[in-house]
Amino acid sequence: MTRRRSIDRFYRWSRPLMGSIALLGALETTVLTVVKLTNNVAAICPTEGCDRVLTSPYATVFGLPLTVFGFLGYAAMTIFAFAPYSFDPQENRRRRDRVDRITGWALLVGGAVMAAFSGYLSYLLVTEFQEFCPYCFASALFSFSLFGLAVFGRDWEDAGQPLFASLLVGIVTLVGVTGLYANVSPTVAAAPEPVAGTKQAPPAVTTESGTAEVEFARYLREIGARTFGAYWCPHCYSQKQLFGREAFELVDYIECDPRGVNGKPQVCRSAGIRAYPTWEINGELYEGVRELEDLAQLSGYTGNTDFRHSLRSVM
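Residues numbered from 1 in each chain as written. Predicted model: local features only at pLDDT ≥ 70, side-chain atom pairs only at ≥ 80, totals over all residues. Heavy atoms only, no water.

(A) Structural detail: the state of the cysteines. Within this structure, the stated rule accounts for 1 disulfide. Across a sulfur-sulfur distance of 1.9 Å, Cys 256 and Cys 268 are joined as a disulfide pair. The sign of the S-S torsion, about -90 degrees, decides the handedness of the disulfide formed by Cys 256 and Cys 268: left-handed. Pair noted here: Cys 256 is in the loop between strand E4 (252–255) and helix H11 (265–271) and Cys 268 is in helix H11, with a separation of 12 residues, a long-range link. Considered together, Cys 256 and Cys 268 belong to a single accessibility category, that of buried residues. (Disulfide = S-S within 2.5 Å. Helix = DSSP H or I, 4+ residues; strand = E, 2+ residues; numbered from the N terminus. Buried < 20%, exposed > 50% of the residue type's maximum accessible area, 1.4 Å probe, protein only.)

(B) Up close: the pairing of strand E5 (residues 278–281). In E5, alternate side chains face the same way, and those of Thr 278 and Glu 280 on one face and Trp 279 and Ile 281 on the other are all buried. As paired elements, strand E3 (residues 226–229) and E5 share 3 bridges and run antiparallel to each other. Note on E5: the bridge partner recorded for Phe 228 is Thr 278. Relative to strand E6 (residues 284–287), E5 runs antiparallel, the two sharing 4 bridges. Across the sheet, the residue bridging to Thr 278 is Glu 287, located in E6. (Pairing = 2+ DSSP bridges.)

(C) Geometry of the packing of aromatic side chains. Evaluation of the coordinates by the stated rule reveals 10 aromatic pairs. Residues Trp 105 and Trp 156 carry aromatic rings whose centres are separated by 4.9 Å and whose planes lie at 70 degrees to one another, so their mutual orientation is edge-to-face. With Trp 105 in helix H5 (residues 93–129) and Trp 156 in the loop between helix H6 (134–152) and helix H7 (160–180), the pair connects residues that are 51 residues apart, well separated along the chain. The partly exposed category is assigned to Trp 105, whose relative accessible area is 33%. On the basis of relative accessible area, Trp 156 is assigned to the buried category, the value being 14%. An angle of 45 degrees between the planes, with centres 5.7 Å apart, marks the rings of Phe 216 and Phe 307 as tilted. With Phe 216 in helix H8 (residues 211–222) and Phe 307 in the loop between helix H12 (292–299) and helix H13 (311–314), this pair connects stretches of sequence that are 91 residues apart. (Phe/Tyr/Trp six-rings, centres within 6.5 Å; stacked < 30°, edge-to-face > 60°.)

(D) Structural context of the pattern of salt bridges. The full count for this structure, using the stated rule, is 8 salt bridges. Two residues, Glu 280 and Arg 226, come together in a salt bridge whose shortest N-O distance is 2.7 Å. Of this pair, Glu 280 sits in strand E5 while Arg 226 sits in strand E3, and the two are 54 residues apart along the sequence. Judged by its relative accessible area of 18%, Glu 280 falls in the buried class. For Glu 246, the salt bridge is made with Arg 245, and the minimal N-O distance between the two is 3.5 Å. Residues joined by salt bridges that share partners form a network here, namely Arg 15, Asp 100 and Arg 154. (Salt bridge = Lys/Arg side-chain N within 4 Å of Asp/Glu carboxyl O.)

See below:
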């Protein structure tokens, strides 16, 4: 009898707990979105690895910070968790029960999607980045907690249904996210072997540079800053487009793929390059596409920053 009361109490408190966790997740992703859009990621990162992860190509989807989609997911989970409480159990018992059933399935599907996505990103964190990101860890903890509560936090009529549905949703999510990141630049170690006798040129930069871009590019060359990439890398191309044609010709660019024109893979390996693009500024490595304002801050540039282009306009 005591065990049954404990289970009933757990069921009763699972939704408020899920709503609270989802609210924490929404708050975290809101903060991360703001710092991402204002190029202040370094200000909230306790480690360099955290900075690299949050500014990597994996942190952007469809030209928007991944945290925007995280916020939408947590916001939806918050609404699903608290929705039944908007009905008076005495006056609208039938409607409340119906909403409880529908949102119970919504919480299960949403939790499975978020857990599968977080699991994939955690795998990348360990295998690709080999860095610690406290915000990524917190988000993964929130996602798996929501999924666990969605599965075990209610009395399902058939226990096999939520498990089967979760497995199906998880598989579909993993297939989708794998395709989503299919074109993200791999690490240097994953670069394909060169084909004998071929040298590939990157696509031409089509944007025009302004005075600010040219002055900044000259400054970067003067301080010995370098950028590493590959001719086939779409994010490297976006970085070039931010500078514009005239300015990027002044940037010290190192082609890491041996199949590319002027390829210098040994230089990239010696510099410790693991992903494209990577900037080397004042002896420090910064992975991922960077807004010019961000690069200016990292390099200590104090000149004209009236840049023409942004990531939204070139990606």
